Amino acid sequence: MDTSLKAFLEGGPADLPHRIVGITPPGAELRLPFRGGYEHFRATSRHRDTPEGRLPVFRWSGRTSAPGPL
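Every chain's residues receive numbers from 1 upward, in the order its sequence appears when written. Only residues with pLDDT of 70 or above have their local features reported here, since the model is predicted, and side-chain atom pairs are shown and tallied only from 80 upward, although totals for entire chains, interfaces and linings are computed over all residues. Water and hydrogen atoms play no part in the side-chain values, which are based on all heavy atoms of the structure.

Draft legend 1. Spatial organisation of the sheet that holds strand S5 (residues 53-65). Reading across the sheet, the five strands line up as S2-S1-S5-S4-S3 and stay open at both edges, with mixed pairing between neighbours. The sheet is open, and its two edges are formed by strand S2 (20-22) and strand S3 (29-34), each paired on a single side. Recorded for the sheet is a direction-independent mean angle of 45° between the axes of neighbouring strands. Two strands qualify as a pair provided that DSSP identifies no fewer than 2 bridges between them. Here a strand is any run of E in DSSP of at least two residues, a helix any run of H or I of at least four, and the numbering for each starts at the N terminus. Two elements, strand S1 (residues 6-10) and S2, share three bridges in a ladder whose sense is antiparallel. Among the inter-strand pairings, Phe8 is bridged to a residue of S2, identified as Ile20. As a rule, the C-alpha atoms of each element are fitted with a line to give its axis, helices using only the stretch in contact, and angles between N-to-C directions run from 0 to 180 degrees.

Structure (structure tokens):
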């Protein structure tokens, strides 16, 4: 199974709909839209065994608001 384009999300809002997400392109930070803003996750050096295989762990690093209309 190719797990190189997926990550496990740790921390952040408890009600995020998914803890395993695709990462395109793989990088050091993820920005996911959620509830009118963005949740930010940074890559760690850790991995976690999941039902989808061993995945890199991305830890929640903060939230930003989505820009309003111009």
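Draft legend 2. Just the pairing of strand S4 (residues 37-50), in detail. Of the strand pairs in this sheet, S3 and S4 are connected by six bridges, and their pairing is antiparallel. Within the sheet, the bridge partner assigned to Leu30 lies in S4 and is Phe41. The turn linking S3 back onto S4 is made up of two residues, and Arg35 within it adopts a positive phi angle of 50°. Relative to S5, S4 runs antiparallel, the two sharing eleven bridges. The partner of Ala43 across the bridge, within S5, is Phe58. The turn linking S4 back onto S5 is made up of two residues.

Draft legend 3. A look at the packing of aromatic side chains. Note on ring pairs: Phe, Tyr and Trp rings are taken, using the six-membered ring of Trp, and paired if centres are within 6.5 Å. Classes follow the plane angle, with under 30 degrees stacked, over 60 edge-to-face and the rest tilted. If you walk through the whole model with that rule in mind, you get zero aromatic pairs. In this structure, Arg31 is placed above the aromatic ring of Tyr38, and the distance from its NZ or CZ to the ring centre is 3.9 Å. Put simply, a charge is over a ring when the Lys NZ or the Arg CZ is close to the ring centre, within 6 Å, and near the line of the ring normal, within 35 degrees.

Draft legend 4. Seen up close, the pattern of salt bridges. One speaks of a salt bridge when a side-chain nitrogen belonging to Lys or Arg is within 4 Å of a carboxyl oxygen belonging to Asp or Glu. This structure, assessed with the given rule, holds six salt bridges. When the shortest N-O distance is used, the salt bridge between Arg35 and Asp15 registers 2.3 Å. A residue pair is termed long-range when its members are at least 10 positions apart, and Arg35 in the loop between S3 and S4 and Asp15 in the loop between S1 and S2 qualify at 20 residues. The exposed category is assigned to Arg35, whose relative accessible area is 63%. Taken together, the shared-partner salt bridges connect Glu10, Arg46 and Arg59 into one network. Think of it in three bands: with a 1.4 Å probe and only protein chains considered, a residue is buried below 20% of the maximum accessible area for its type, exposed above 50%, and partly exposed in between.

Nothing here speaks to function; it is all geometry.
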